[in-house]
Amino acid sequence: QVQLVESGGGLVQAGGSLRLSCAASGRTFSSYAMGWFRQAPGKEREFVAVISSSGGRTYYADSVKGRFTISRDNAKNTVSLQMNSLKPEDTAVYYCAARSMGPTYYIGSAYYTGAGKYDYWGQGTQVTVSS
């Protein structure tokens, strides 16, 4: 069982930055791949980024590539999402999620990008980007 708690959301102007953090409970954090997803009003939850259990592999949605960076600290049981050059279309509730780590070479496939593949979810944190 893994419990996830996000923090760091808020209101920011377009072009600004925010850093989201997700704190995980449990002693097996390092065995989980960690993902960030987001959901805007009236839209489906969408994949943002994923990081492998060791932190050695990452993958991003095209919409955030080059602007967002996912990282993790297995000693502190945390995963972060650094968001730069924010745009109004980044406005959403952001969720961190955990799933058991599978083959690393599946990074980039639906195995890790599909919301339905994740077993544990945080409560979400609101990010609002004003124009």
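Right above here is the structure, for reference.
Not measured: the values here are computed from a predicted model.

## Examining the pattern of salt bridges
Inspection of every chain in the model, using the stated rule, returns four salt bridges. With a shortest N-O distance of 3.0 Å, Lys65 and Asp62 are connected by a salt bridge. Judged by relative accessible area, Asp62 falls into the exposed class, the value being 67%. Asp90 is the salt-bridge partner of Arg67, the closest N and O atoms lying 2.7 Å from each other. Note that Arg67 is positioned in the loop between β6 (58–60) and β7 (68–73) and Asp90 in the loop between β8 (78–83) and β9 (92–100), a separation of 23 residues in sequence. For the pair formed by Arg67 and Asp90, the shared burial category is buried. In this structure, a network of salt bridges that share partners links the residues Arg38, Glu46, Arg67 and Asp90.

The rules behind these values
Residues numbered from 1 in each chain as written. Predicted model: local features only at pLDDT ≥ 70, side-chain atom pairs only at ≥ 80, totals over all residues. Heavy atoms only, no water. Salt bridge = Lys/Arg side-chain N within 4 Å of Asp/Glu carboxyl O. Buried < 20%, exposed > 50% of the residue type's maximum accessible area, 1.4 Å probe, protein only. Helix = DSSP H or I, 4+ residues; strand = E, 2+ residues; numbered from the N terminus.

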